[in-house]
Amino acid sequence: MASTKRTVLTSLAIDAPPAKVWDTLGDSASWDRWNPMFGGFSGPFRVGAQLDFQVALGIGKVPLAVEVVRADGEELRWKGPRSALQKPLAGADHYFRLEPLDGGARTRLVHGESFSGALLAVLWPHMRKMLPKAYDRVNAALKREVAG
């Protein structure tokens, strides 16, 4: 059976240069303060880091285990789950990309995630309604935090 992928994609302009946005986005320890969805990271964002954290969904907080694959000031990206047994059931590639606008004076935050796995057929109808709104809330919270 071929694996189908589904994607959630959101974006938002932030009135700050990408480096300032990264100062907040790239600091995993600050996420509990400003992020309404993700928190409790077990360590810093660095390539190869295997992190555990929680995601707040309508059903409560769900534990996740991911590997950071990019964290360089332009993009934060993680993939999960780390467990080889879970990947065929539900895989995800989550990212936050910072694109300079207006010569670098402002930033476009592109926040998205691609999903795959056998459970996607069952979960996607709910996910496609819930996740864009949740990601928009994260984006708006980041924008407020950066504005200080």
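Above this note sits the structure.
Residues numbered from 1 in each chain as written. Predicted model: local features only at pLDDT ≥ 70, side-chain atom pairs only at ≥ 80, totals over all residues. Heavy atoms only, no water.

(A) Main features of the pairing of strand S4 (residues 60-71). Direction of pairing for strand S3 (residues 50-57) relative to S4: antiparallel, over a ladder of eight bridges. Its bridge partner being in S4, Gln54 is matched across the sheet by Pro63. Between S3 and S4, which pair antiparallel in sequence order, lie two residues. Taking the residues between adjacent antiparallel strands as the criterion, S4 and strand S5 (residues 75-80) are bridged by three residues, where Gly73 takes a positive phi near 90 degrees. (Pairing = 2+ DSSP bridges. Helix = DSSP H or I, 4+ residues; strand = E, 2+ residues; numbered from the N terminus.)

(B) Just the pairing of S5, in detail. When you tally the buried positions in S5, you get five out of six residues, the bulk of the element. Where S4 and S5 come together, four bridges link them in antiparallel fashion. Residue pairing for S5: Arg70 is matched across the bridge by Arg77. Relative to strand S6 (residues 91-101), S5 is paired through six bridges, and the arrangement is antiparallel. Paired with Gly80 across the bridge in S6 is Ala92. (Buried < 20%, exposed > 50% of the residue type's maximum accessible area, 1.4 Å probe, protein only.)

(C) Representation of the pattern of salt bridges. One pass over the structure, following the stated rule, counts eleven salt bridges. Linking Arg33 and Glu145 is a salt bridge whose minimum nitrogen-to-oxygen distance equals 2.7 Å. Pair noted here: Arg33 is in helix H2 (residues 31-34) and Glu145 is in helix H3 (residues 120-147), with a separation of 112 residues, a long-range link. With relative accessibility at 59%, the residue Arg33 sits in the exposed group. A salt bridge links Arg108 to Glu99, with the shortest nitrogen-to-oxygen separation between them at 3.8 Å. We classify Arg108 as partly exposed; its relative accessible area is 32%. The class for Glu99 is partly exposed, based on a relative accessible area of 27%. Via salt bridges that share partners, Arg70, Asp72, Glu74, Glu75, Arg77, Asp93, Arg97, Glu99 and Arg108 belong to a single interconnected network. (Salt bridge = Lys/Arg side-chain N within 4 Å of Asp/Glu carboxyl O.)

(D) Expanded view of the packing of aromatic side chains. One pass over the structure, following the stated rule, counts 15 aromatic pairs. Each ring, one from Trp31 and one from Phe96, has its centre 5.6 Å from the other, and the planes form 85 degrees; the classification is edge-to-face. With a gap of 65 residues between them, Trp31 in helix H2 and Phe96 in strand S6 connect regions that are remote in the sequence. Cluster of aromatic residues (ring-pair linked, three or more members): Trp31, Trp34, Phe38, Phe41, Phe45, Phe53, Trp78 and Phe96. (Phe/Tyr/Trp six-rings, centres within 6.5 Å; stacked < 30°, edge-to-face > 60°.)

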